[in-house]
Amino acid sequence: MSPAKVTLSPKERELVTDPSWILTKNRVIGKVYTLFGQLSEQYRIIWNDSALSVRTDPGFQSPKIARGEQYRDLPWVMLDNPRYFTTTDTFAIRSFFWWGNFCSITLQLSGHFKEMHVGGIQKYFREQPAAMNDWWIGTNKDAWQHHFEEDNYGQLSEKGLMELHSLAHLKLAKKISLEEWDNLPEFFTKTYREIIEMLTSQ
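Here is what the cut-offs are and how they apply
Residues numbered from 1 in each chain as written. Predicted model: local features only at pLDDT ≥ 70, side-chain atom pairs only at ≥ 80, totals over all residues. Heavy atoms only, no water. Helix = DSSP H or I, 4+ residues; strand = E, 2+ residues; numbered from the N terminus. Buried < 20%, exposed > 50% of the residue type's maximum accessible area, 1.4 Å probe, protein only. Contact = heavy atoms within 4.5 Å. Expected span 1.5 Å × (residues − 1). Axes fitted to C-alpha atoms, helices over the stretch in contact; angles between N-to-C directions. Parallel < 35°, antiparallel > 145°, perpendicular 65-115°, else oblique. Left-handed = near helix turned anticlockwise from the far one by under 90°. Nonpolar A, V, L, I, M, F, W, Y, C, P; charged D, E, K, R; others polar.

J.: Before we move on, could you go through the environment of Phe60 and cite the residues and values that matter?
T.: Note that Phe60 resides in the loop between helix H2 (20-48) and strand S1 (64-71). Exposure remark for Phe60: the relative accessible area of 17% places this residue in the buried category. In contact with Phe60, other than residues within four places in its own chain, are Trp47, Pro82, Arg83, Tyr84, Phe91 and Phe113.

J.: With reference to specific residues and values, describe helix H5 (residues 184-199).
T.: The terminal C-alpha atoms of H5, which comprises 16 residues, lie 22 Å apart, in line with the 22 Å expected from a rise of 1.5 Å per residue. For H5, the set of buried residues is Leu184, Phe187, Phe188, Thr189, Thr191, Tyr192, Glu194, Ile195, Ile196, Met198 and Leu199. Of the surrounding secondary structure, the elements contacted by the buried residues of H5 are H2, strand S2 (74-85), strand S3 (90-98), strand S4 (102-110), helix H3 (111-127) and strand S7 (169-177).

J.: Quick rundown of the packing of H2 against H5? Include the residues and the values.
T.: Each pair of packed helices can be summarised by the angle the axes make with each other and by the distance between the axes. The geometry of H2 relative to H5 is characterised by a closest axis approach of 10 Å and an angle of 30 degrees between their N-to-C directions. Of the possible angle classes, the one that applies to H2 and H5 is roughly parallel. At the point where H2 passes H5, the crossing takes the right-handed sense. Together, Leu35, Phe36, Leu39, Gln42, Tyr43, Ile46 and Trp47 of H2 and Leu184, Pro185, Phe188, Thr189, Tyr192, Arg193 and Ile196 of H5 make up the contact between the two elements. Grouping the constituent residues of the contact of H2 with H5 by class yields 11 nonpolar, 2 polar and 1 charged.

Don't take any of this as a statement about function, it's just geometry.
Right, dumping it as structure tokens:
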């Protein structure tokens, strides 16, 4: 039996014969790597200037930048700084770039890190409730999903704030449109500082 004929659409033919778009994509990913490398250094300074630096668990690992091609079929880059992952405990602040969608920054806690910080997070938002308007709370049992559809994130509210203790893992995230590319450094560093403020609330 002859193999089925594999055909290309006119758009696919245009792209497969034009290397410039993939070269442009590679340059963009390279610039995201550069941005995340610069952010990692900024994050280190912010972290070291905070009260968190003196009580960091010795299991914390060095920051890591990773990339892939297939998160929901699209390229991505992420920076975890800091990062601590075991089967029971998680502490991570994750900066994420997702091609064609958005950039985001996420605080992810589970296990004893969640129990350690949930009270301070609640205090932070109760003292400035307007800040909740920009934050999303993870609702998915799968902690490793990053999209902002309704089965994964919901807008943070007073009700959600009250339920933080009951979550198996706590994920709080902000996102920014890729159309705001020039604002990314400020978005990431400002939000990182806000996360540190949450975590050091007494």
